[in-house]
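# Observations on the model geometry
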Amino acid sequence: GLRKALFEAAKKSSPIRIDGVTALLWHVMRGTYTKLHSRAGNVMEFLLSKSICTTIDNKFPDGSSTTREVITGVIHRLCNEVDQKELALIYTCLFKEIKSCIKDDCLGHLKHMIDFLTFALENSKQSDMLDKADVLELVKLLIHKYVRPGIRTGEASSSEFLGSILDFLLCVLDVPVISCNLSIIYAPVFELTNLSAVAFMKKLCMKGPQIIKAFESQILSAMDNILETSPEEVLFILLHLFKKATDGVTHDIDGSHLDREKKVYKFCDSNVRLWIEFVDDIVKTGNHSSNLVSAKEAAILWGSVRCYSNVKDAPQDSLAMLNKFIRSLDLLLEVEEDSISGLPKNTWRSLLGAALLSYHELLLVNVGKKSELSFFLSLAKRHSTCPQVLSAVAEYLDSLHGATSLGMMEEFDPQNLLNSFCIFGASLSSPNKNVRVLTLRILSYYAKMDQRLGSDDERPHKRRKAEDSAEETLELKYTNVVDTLLVVESTPVSVSTSRKIAIFVSRIQMSLSSNTVHDDYIPLLLHGIIGILYNRFSDLWPPALDCLAVLVSKHKDLVWSQFIQFIAVYQSKGLTVRNQEKLLAVSHPESIIDCFSLYLATDFDYTPLETIATLLLQALQKIPDVAESCSRHVVTLFLNFMGYTDGSITSVDSYMSDKCKGKQWKMILKEWLNLLRAMRNARSLSQSKIIQEILTERVLDESDPDIQAKALDCILNCKDEFLIPYSQNLKNLIGLKTLREELTTWAVSHDSLSIQKCHRSHVVPLVIHVLTPKVRKLKLLGSRKHTGVSHRKAILRFLLQFDAKELQLFFSLLLKSLIPGSLQLEMFSCQSGDLLESISDAVGTSSIICLESLTWKRANGFLHLVEEIFGTFGMTHIGPYLNALLIIVVRLLESCMRNLGNSSDEKDPCKQSNHPDNGCSNDQEADNSIDLNECPNEMTVADDTEASASVKQLKDLRSLCIRIVSLALGRYESHDFGEYFWSTFFASVKPLIDCFRQEAGSSEKPSSLFSCFMVMSQSPKLAPLLGTNNLVPAIFSILTVRTASESITSYALEFVENLLRLDNDLEQQEDHSVKKILAQHMDVLLNSLHDFVNYRKELHRRSGRWLGQRELRLFKLLLNYITDPSAAEHVVDLVLPFFSKKDLN
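Residues numbered from 1 in each chain as written. Predicted model: local features only at pLDDT ≥ 70, side-chain atom pairs only at ≥ 80, totals over all residues. Heavy atoms only, no water.

### Section: the overall build of the chain
Selection criterion: Secondary structure elements are taken from DSSP: a helix is a run of H or I of four residues or more, a strand is a run of E of two residues or more, and numbering for both begins at the N terminus. Only protein chains enter the accessibility calculation, which uses a 1.4 Å probe; a residue whose area is less than 20% of its type maximum is buried, one above 50% is exposed, and one in between is partly exposed. By definition in these notes, contact holds between two residues if any of their heavy atoms fall within 4.5 Å. Computed with the Shrake-Rupley method and a 1.4 Å probe, the accessible areas treat only the protein chains shown as cover for residues.
Helix and strand counts for the chain come out as 54 helices and 4 strands. The buried share of the chain, reckoned over its 1145 residues, is 54%. Sequence separation of at least 24 residues holds for 76% of the intrachain contacts in the chain that already meet a minimum separation of 6. Counting only carbon and sulfur atoms, one obtains 51% of the accessible surface of the chain, whose full area is about 51,100 Å².

### Describing the nonpolar core
The following threshold applies: Residues grouped as a nonpolar core are buried Ala, Val, Leu, Ile, Met, Phe, Trp, Tyr and Cys residues, joined through side-chain atoms within 4.5 Å.
Among the nonpolar cores identified, the biggest contains 368 residues, and Tyr186, Trp348, Leu799, Phe810, Phe870, Phe985 and Phe1013 are the most heavily contacted of them. Broken down by element, the residue count for this core peaks at 14 residues, all from helix α43 (residues 875-902). When residues no more than four places from it in sequence are discounted, the contact partners of Phe870 are Ile878, Leu882, Leu885, Leu886, Ile964, Leu967, Ala968, Arg971 and Tyr972.

### Quick notes on the pattern of salt bridges
Under the convention used in this document: The term salt bridge refers to a side-chain nitrogen of Lys or Arg lying within 4 Å of a carboxyl oxygen of Asp or Glu.
Under the defined criterion, the tally for this structure stands at 34 salt bridges. In this structure, Asp546 and Lys622 form a salt bridge, with 3.2 Å as the shortest nitrogen-oxygen distance. Remark: Lys622 occurs in the loop between α29 (609-621) and α30 (624-629) and Asp546 occurs in helix α26 (residues 541-554); sequence separation between them is 76 residues. When its relative accessible area of 30% is taken as the criterion, Asp546 is described as partly exposed. Owing to a relative accessible area of 43%, Lys622 belongs among the partly exposed residues under this scheme. Salt-bridge contacts for Glu702 lead to Lys666; the nearest nitrogen and oxygen are separated by 3.9 Å. Residue Glu702 is located in the loop between α33 (688-699) and α34 (705-716), and its partner Lys666 is located in helix α32 (residues 663-678); the two are separated by 36 residues in the primary sequence. In the salt-bridge network here, residues are joined through shared partners; they are Lys670, Asp704, Asp706 and Lys710.

### Quick notes on the packing of aromatic side chains
For clarity, the cut-off: Here is the rule: rings of Phe, Tyr and Trp (six-membered ring for Trp) pair when centre to centre is within 6.5 Å. Planes less than 30 degrees apart are stacked, more than 60 are edge-to-face, and the remainder are tilted. Two limits define a charge over a ring: the Lys NZ or Arg CZ must be within 6 Å of the ring centre, and within 35 degrees of the ring normal.
Evaluated as defined, the whole model comprises 39 aromatic pairs. Each ring, one from Tyr359 and one from Phe376, has its centre 6.1 Å from the other, and the planes form 20°; the classification is stacked. Residue Tyr359 is found in helix α17 (residues 345-365), and its partner Phe376 is found in helix α18 (residues 373-382); the two are separated by 17 residues along the sequence. With respect to class, Tyr359 is no different from Phe376; both count as buried. Among the aromatic residues, ring-to-ring pairing joins Tyr534, Phe566, Tyr570, Phe604 and Tyr606 into one connected group. In this arrangement the basic side chain of Arg507 is found over the ring face of Phe504, its NZ or CZ atom lying 4.8 Å from the centre.

### A closer look at the packing of α18 against helix α22 (residues 433-449)
Two quantities define a packed helix pair, namely the angle between the axes and the distance from one axis to the other. For clarity, the cut-off: Note on definitions: angles span 0 to 180 degrees between N-to-C directions of axes, and those axes are lines fitted to C-alpha atoms, for helices only across the stretch in contact. Oblique is the label for any angle not under 35 degrees, not over 145, and not in the 65 to 115 range, which are roughly parallel, roughly antiparallel and roughly perpendicular in turn. Crossing chirality is assigned from the near helix's rotation relative to the far helix, an anticlockwise turn below a right angle marking it left-handed and a clockwise turn marking it right-handed. Classification used: nonpolar for Ala, Val, Leu, Ile, Met, Phe, Trp, Tyr, Cys and Pro, charged for Asp, Glu, Lys and Arg, polar for all others including Gly.
Contact geometry of α18 with α22 gives a least axis separation of 12 Å together with a crossing angle of 130°. Judged by the angle between their axes, α18 and α22 are oblique. The interaxial crossing formed by α18 with α22 has left-handed handedness. Seen from α18, the contacting residues are Leu373, Leu377, Ala380 and Lys381; seen from α22, they are Ile442, Tyr445 and Tyr446. Here the contact of α18 with α22 is built from residues that sort into 6 nonpolar, no polar and 1 charged.

### Things to note about the environment of Ala544
Residue position: Ala544 is located in helix α26. In the structure, Ala544 is positioned 75 residues away from Ala619 in sequence and 8.9 Å away in space, judged by C-alpha atoms. In contact with Ala544, other than residues within four places in its own chain, are Val505, Ile529, Ile532 and Leu533.

### Describing unusual backbone geometry
One non-glycine residue, Leu753, lies in positive phi territory at about 60°. Position of Leu753 relative to the elements: it lies in the loop between α36 (736-745) and α37 (760-776). Positive phi outside glycine occurs at Asn1030, with the angle close to 50°. Topologically, Asn1030 is positioned in the loop between α48 (1008-1017) and α49 (1031-1036). For Asn1030, a relative accessible area of 54% puts it in the exposed group.

### Some details on helix α31 (residues 631-641)
Those residues of α31 lying buried are Ser631, Val634, Val635, Leu637, Phe638, Leu639 and Phe641. The secondary structure elements touched by the buried residues of α31 are α27 (556-576), α29, α30, α32 and α33. Positive backbone phi, approximately 95°, marks Gly643, located one or two places after α31.

### Description of the confidence of the model for the chain
Note the cut-off: Per-residue confidence from the predictor is reported as pLDDT, a score between 0 and 100.
The predicted model of the chain averages 81 in pLDDT, with 81% of residues at 70 or higher. Mean pLDDT per element in the chain: strand β4 (residues 472-474) is the minimum at 42, and α26 is the maximum at 96. The low-confidence segment residues 461-474 (pLDDT under 50) makes 16 contacts with residues lying over four places distant or belonging to another chain. Note that residues 918-948 has pLDDT below 50 and, in this model, 91 contacts with residues that lie over four places away or in other chains.

### Details of the packing of helix α11 (residues 195-204) against helix α13 (residues 231-241)
Two numbers describe how α11 lies on α13: the axes approach to 9 Å, and their chain directions differ by 20°. In terms of their interaxial angle, α11 and α13 are classed as roughly parallel. As for how α11 packs across α13, the hand of that crossing is left-handed. For the pair formed by α11 and α13, the contact residues are Val198, Met201 and Lys202 on the first element and Glu233, Phe236 and Ile237 on the second. For the contact of α11 with α13, the class distribution of residues is 4 nonpolar, no polar and 2 charged.

### What to know about the environment of Ala354
Checked against the element boundaries, Ala354 lands in helix α17. For the pair Ala354 and Gly303, spaced 51 residues apart in sequence, the C-alpha to C-alpha distance is 9.0 Å. Sequence-distant contacts of Ala354, that is, excluding residues within four places in its chain, are made with Trp302, Val305, Arg306 and Tyr599.

### Section: the environment of Leu730
Mapped onto the fold, Leu730 is located in helix α35 (residues 727-734). Overall, Leu730 belongs to the buried group, its relative accessible area being 0%. C-alpha separation for the pair Leu730 and Glu742, spaced 12 residues apart in sequence, amounts to 8.9 Å. Ignoring sequence-local partners within four residues, the contact set of Leu730 consists of Leu712, Leu723, Leu766 and Val767.

This is the structure we're talking about:
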């Protein structure tokens, strides 16, 4: 049964079969509770036997691995689910089979048995169940027979077989009762030179310190054997041995040093000397790109330098050589190029930091060496942004004793202190927290040497009266804010520590308030507080901002220019800098290159720059009096943020629109508005008039109600007499909850007099600026589509209270974003001339109009808005802007038709029609909002639309355009639409006109285009235009389509009757324009009517349907156009059937 189960698993191997057989064997071996069955040993012996494995391998070659997976699964369940004492049986079976394989020299099966034993040892929870003597005997036997150096016979040299043995030997080291006695037994392993031995030693270095200590000397000796074949592997192993691969500080195991006579030391020494020559050659020749350095070469150099510091009894020439290497790298880094010999400059700086750290470690064991303080500090100043260099310098300073530092007091005189603070201060505002902490560690040493600062246990005080004198002696002691900043930055940020950090920040604030911080430390403190804001933990920001506000207000003269520069930089970079490249750390380094990458890693988290900009503005809001006193700088920054570059602004619209959009920009804008609102004396601000214009004409035009409300508060700060009475009304119009009620209750017409006549010119523009964004963007007015639509209609009806001249601003704002940026300044900044005329010209003639940048959704929203405007506004309100709106509509129509024509499956013009109303209904108003201030590069409505918008979407858009034209023709019949409109309209719809007859047979209702022509047929002014493009005969021919629906044929008859009645009316005025059209196509009309009546006769016989009063009226009107006998005969045939109908007589 066991054999059959294994055969089934190997026959058709699959995870399900393997799991099933594993579970079956487990239950066979399991006894009661956590005990094994009495015959479990027989089952295990059967599974491990060479015969069963060989049989399955021979019979099912593809399923040979299946048996091993099953046995591994059984061992796993045994280790996890039975009493650990029961595992002795498993070990006994494995030891027995392994010894049998060794005796028979069956290496293939032996490898699998060793793998099973290793797996059992790794998964067992108690190692004391092993027989120590058996394990030691097996270890000695395997090493003696298969791990002897130089053996190369048969399969014993197989790397896989040797790897299995070495993995077992590593696993044995985890058994405490055995591992302590194995260092001598394992000696032959360290004499191997192949890759398996390298892998063994790499894994050995991952063990605990006690195990590494036991094998330390053997590992160091083995490195010489494999150095020639794998130098990078040797360095990798040594770095782990010395505990230097993952940190930059020294934690050596006692006694783990390289002997100067070892090959490894000589390799590192010669490697560093070669690189000194290489670097010196680059410095001398100035050729920074000829000899390229690979990442592997740089990693080997780094490993050599880091291992070099572990030389036992390092000679003085080693120190001198490292010193020379450091100075050479320092000279190399003076070049301005970003890359040197193919490596980034930051990589060379990191190598300098590694060399400097090794140099420091060698100095620790050379006690008699003179102080190198100036050398280290000079390097820190020149490379103040490199964390590796700063780390080495910080370690060196921490190792100094008081006696050593007393002789270097000249480094800490006031002038040198100021220079050092100026250099290191910038690093305190670095986004890299490691750089900030290391810089503070260095500055902490400066602070300790500064005699002006009090000690930690001495409270700072300003004055103390001498006991023996009535005079006051000045004895100033200042607070050491550097150490406080170091505590703040070095404390891990979390919810539990945030309170502690906030207390330390508050201490700094108290010191500033009490003037116990020396002026030399004030600029340093500014950078330090900015650095605190980089901690991405919002609970730390409020105390830091309070401290920053006190700092700026108390020491404005010292920090104001730098503070303003911070705001300028962060608000600029926050909107432009995205996805900065970071060197990501390798989580588990497996080579010297991985270790080097980990050393270079710059992956750190920090607060986004745009958030920093908002925080700095919030700090300034806490001290509005300071902002007002320096309004010239503040206003300049605000104008730069709003997209103005020149000092003199000629027009509010002369800004760079591409820099003033996006979520981040709006977030910073809100804080700017909060700041302007906090500065109550708005009239005294620099360029206050321009600010008012920007707030009114640009910021109020934003769609965000919160931005509008803040902007209105800023405007009201001026306390203008013409605005104060209406402030609450304007606020109600901005608030979405109060909007509807305010629209209903506030009467703004001329007759109501609720707005005084002298105030009207100021208040009405504000009202329009507030309401226009709500009209453009439907989502602002409600979460549900019907709520938004009803609110928008209410706003449009509210705007009807203004006259046409006042509404000019409303239509200008709607159309303004459709005008190209190159024309906006010229059109909207001019104070003279007709703005309407300039917009119409631009919309009509500009070939680069922004319509190409409208998405389908936005174009659809704009058209729905135009439709609602046409349905609400009369001719007196919309007249001046009607042409501009209609030209946009027909241009969108033209674009849709062009793209439908270019579509691969729409080459046939008749397929384009397919009833343009299909799928287009008022339900589309769910998305009928459009933010015309944005023109993104998404799905367009221009020549490339067919690649993005579906054919159905284009047809819906086309139908909406035609419906709007029809609405406009019906409401504004007397308006002169212009030649450009008509030529564009008829050119666009010509393919649809050509397919009128086919469309009539497939549609249930008349199309929007048919409705448009119906409106024209009723207008004396528009009807003559129907004579173009064979339009009239196309509509007449609809009557011959027998599959046309009742509504379509009725529409066609009404169209004919409209033309006949209109001609009859015009004839009395001696206007024959319509008669010419009818006379030209009378034959087509009579033939179509004849076919129509004959079909109705046939239909009458089948269903009883007959003609009605309208047809009779139409035939009577036709009599005036009959001039020849053949036509008269047609009319008689048409009229005679009516005499048989008494109800029509």
